[in-house]
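Overview (structure and organization)
Residues per chain are reported as follows:
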Amino acid sequence: ALAFELGARMSAIEWTPRCRSVELILNGSPQGAYQLCDHVEVSSARVRATSAGWFLEVVNLPRVEPSETYFRSPALDAWSMQSDSIPSVWVYKQPDPPTAAQRAQVEAELLRLEEVLYGEGFAHPDTGYAAYLNVDATIDWFLVQELAKNNDAAFFNSTFVYKAPTGRITVGPLWDFDLAFGNYPWDAGPEGWKVRN
């Protein structure tokens, strides 16, 4: 709830799931307190990657469902395999399933961003990463993830990127904070950096 509240207050994040606390009672028996949240999905009121855009999720390879379409990329492989020998991959959420032409376009756009981001001229104002990436939204996303010290946000799992029909690639929306705020046993508590490291 705290992470989503922070996200909702960030000006560059277009959409953050709304949540509310609920107490579940089943057949008169209390089952505990839960957080009920909006579902992350493509729509004009949520993730604006309508039919001409795209929406991807980073998923650790063993968690990919057989029916899902995914691809690997060099930068994501290098990043996700620093702490785990199993790579994370880009899974298509929209279009689902993608055609061969859609796959070619999406993968070319994302691979181009990776190439520029890790290239020599990455900071050039006209031809560097800012030409391909929604920088303000990425900064706001990054700040929330670091404040929460979210393990999944280190491009391991449950990290989203999308591109509306017009515009730049956007990191987001925020999602999945179960391994955040020091709730990940191998992070030595809630202090320090996560995504940056």
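One can find the structure itself at the top, above this paragraph.
All of the points below concern the structure found in this document. Starting afresh in each chain, residues are numbered from 1 along the sequence in its written order. Given that the model is predicted, a residue must reach a pLDDT of at least 70 before its local features are reported, and side-chain atom pairs must reach 80 or more before they are shown or counted; all residues, however, enter totals for whole chains, interfaces and linings. Only hydrogens and water are removed before side-chain values are computed, so all heavy atoms of the structure are retained for them.

Right, let's talk about the pattern of salt bridges for a bit. Salt-bridge detection follows one rule: a side-chain nitrogen of Lys or Arg within 4 Å of a carboxyl oxygen of Asp or Glu. On inspection of all chains with the given rule, the structure shows 11 salt bridges. Between arginine 112 and glutamate 115 there is a salt bridge, with its nearest N and O atoms 2.7 Å apart. Note that arginine 112 and glutamate 115 are positioned in helix 3 (residues 100-117) at a spacing of 3 residues, about one turn of the helix. Salt bridges linked by common partners bring Arg18, Asp38, Glu41 and Arg46 together as one network. The numbering of helices and of strands both runs from the N terminus, where a helix is a DSSP run of H or I of at least 4 residues and a strand a run of E of at least 2.

What follows concerns the sheet that holds strand 7 (residues 170-171). Paired strands, in this sense, are two strands between which DSSP finds at least two bridges. The antiparallel open sheet is built from 5 strands, whose spatial order is 4-5-3-6-7. Looking at strand neighbours, the two that pair on one side only are strand 4 (70-71) and strand 7, the edges of this open sheet. Relative to strand 5 (residues 88-94), strand 4 runs antiparallel, the two sharing 2 bridges. Within strand 5, the position partnered with tyrosine 70 by the bridge is valine 91.

Here we come to the side chain of threonine 138. Within the secondary structure, threonine 138 sits in helix 4 (residues 135-148). Those residues within four positions of threonine 138 in sequence are excluded, and the remaining contacts are Leu133 and Val171. The contact definition used throughout considers only heavy atoms, calling two residues in contact when any of these lie within 4.5 Å.

This part takes up empty space enclosed by the protein. Of the grid points, spaced at 1 Å and generated over the protein atoms alone, those admitting a 1.4 Å probe that cannot get out make up cavities, while open sets with protein on both sides within 12 Å along at least five of seven lines make up pockets; any residue with an atom within 4 Å of a point is treated as lining. Grid points are joined across faces, edges and corners, and a volume is the space filled by probe spheres set on the points. Inspection of the entire model under this criterion finds 2 cavities of 30 Å³ or more. Its volume calculated, the largest cavity comes out at about 80 Å³. As for the largest cavity, its lining consists of Ile13, Glu14, Trp15, Arg46, Val47, Ala137, Tyr162, Thr170, Val171, Gly172 and Pro173. When grouped by side-chain class, the residues that make up the lining of the largest cavity number 7 nonpolar, 2 polar and 2 charged. There is about 30 Å³ of room inside the second largest cavity. Forming the boundary of the second largest cavity are Trp141, Gln145, Asn150, Ala153, Ser158, Thr159, Phe160, Pro173, Leu174 and Trp175. Of the residues belonging to the lining of the second largest cavity, the class tally is 6 nonpolar, 4 polar and no charged. Throughout, the ten residues Ala, Val, Leu, Ile, Met, Phe, Trp, Tyr, Cys and Pro are labelled nonpolar, Asp, Glu, Lys and Arg are labelled charged, and all others, Gly among them, are labelled polar.

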